[in-house]
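# Overview (structure and organization)
Residues per chain are reported as follows:
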Amino acid sequence: MPLIISEITIYPIKSLGGISLQSVIVEERGLQHDRRWVLADEENRFITQRENEQMALIDVSIESDGLHVSHRLKENTPLTVPFSPQTSDYQKITIWDDIVNAVRVSDEVDAWFSVILGKKCHLFYQPDDSIRLTDPRYSITKEEHTSFSDGYPILIIGQASLDNLNERLDEKVEMKRFRPNLVFSGGQAHEEDDWKYFTVGEAKLVGVKPCARCVMTTINPETAEKGKEPLKTLNQYRNFGNKILFGQNLLVVETGKISVGDLIKF
């Protein structure tokens, strides 16, 4: 059975809603626009749904003038985030163990997010000259880099892997719980764990490390409610070295366009 790209999703602002695409340009640091923006607290430390699950209810779309952002339940006026920051306020943002150079977008954007999330925060953009290297232990050239993703440019998951999980759950979960960039149809459950070099569309990618999952997968992306699943069930059969693995992290070998319907070739 052929392996075919069935879904492409980007998450321009880290930890907010994703955008489904039919095609995308793969850049060196990941899919175009993917996690190039991040919210940070007053100490310039990144904020995610792990600290504020209400972020799951903020939707993002891409328009000609920038990102359009709105809260699914609150009646606040939607926000436009320009593609180019409106300040020259460069700061160092802490994301996990990394320090990333970024520029604050605008006072207006900060005010909107501070009201929506109920805490003072700032939105930052990662400019092209801000290079965040990936973990050298799982690097190919030692020069691969990424955006404000948790650690790697691209995450891929097979539909068969999710189907296998849902067979074990009382209530099925959607793929969006796991926030992959690429989903493929065909193949066996979790075969992506062992993938190395492959091409899809014009791009060449390499699998380097299965993705360790956290409490974010227990937040319902539609309601922001927390539960115990699917981590509880995954822990029963996907625990390796005290890490629950689901999906494969990818590095970019060659850039180019990929589209839904593209074949994955090894």
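Scroll up to find the structure this text is about.
Heads up: these notes are all about the structure in this document. Residue indices follow the written sequence of each chain, beginning from 1 at its first position. Selection of residues for local features in this predicted model requires a pLDDT of at least 70, selection of side-chain atom pairs for listing and counting requires 80 or more, and totals for whole chains, interfaces and linings are taken over all residues. Side-chain numbers come from the whole structure's heavy atoms, not from hydrogens or water.

The subject of this paragraph is the state of the cysteines. Pairs of cysteine sulfur atoms within 2.5 Å are identified as disulfides in what follows. Under the definition given, this model contains zero disulfides. You can see Cys211 has no disulfide; the closest cysteine sulfur is in Cys214, sitting 8.2 Å from it. Using a 1.4 Å probe on the protein chains alone, a residue whose accessible area is under 20% of its type maximum counts as buried, one over 50% counts as exposed, and one in between counts as partly exposed. Overall, Cys214 belongs to the partly exposed group, its relative accessible area being 25%.

Each pair of strands is called paired provided DSSP finds at least two bridges between the two strands. The numbering of helices and of strands both runs from the N terminus, where a helix is a DSSP run of H or I of at least 4 residues and a strand a run of E of at least 2. Pairing geometry for strand E1 (residues 4-10) and strand E15 (residues 182-185), over four bridges, is antiparallel. From the neighbouring strand, Glu7 faces E15, where its bridge partner is Val183. Taken together, the three bridges between strand E14 (residues 154-158) and E15 define a ladder with parallel strand orientation. The residue of E15 that forms the bridge with Ile156 is Leu182. Clockwise travel from the first strand over the helix to the second, with the strands pointing away from the viewer, marks a crossover as right-handed. For the segment spanning E14, helix H2 (residues 159-166) and E15, crossover handedness is right-handed.

With that out of the way, let us pick up the pattern of salt bridges. Where charged atoms from two side chains of opposite charge come close, those side chains can pair. In what follows, salt bridge is the name for a side-chain nitrogen of Lys or Arg lying within 4 Å of a carboxyl oxygen of Asp or Glu. Inspection of the entire model under this criterion finds 16 salt bridges. A salt bridge links Arg72 to Asp59, with the shortest nitrogen-to-oxygen separation between them at 2.8 Å. Of this pair, Arg72 sits in the loop between strand E7 (66-71) and strand E8 (79-81) while Asp59 sits in strand E6 (residues 58-63); the two residues are 13 residues apart in sequence, bridging distant segments of the chain. Judged by its relative accessible area of 32%, Arg72 falls in the partly exposed class.

We now examine the side chain of His71. Checked against the element boundaries, His71 lands in strand E7. For His71, a relative accessible area of 8% puts it in the buried group. We call two N or O atoms a polar contact when they sit within 3.5 Å, provided that within protein one can donate a hydrogen and the other can accept it, with sequence-adjacent residues counted only if both atoms are side-chain atoms. Side-chain polar atoms of His71 contact the backbone nitrogen of Leu73, separated by 3.0 Å. A distance of 3.0 Å separates the side chain of His71 from the backbone nitrogen of Lys74, its partner in a polar contact. In this description, contact between two residues means that some pair of their heavy atoms is separated by no more than 4.5 Å. Contacts of His71, omitting those with residues within four sequence positions, involve Gln54, Leu57, Ile58, Trp112 and Ile116.

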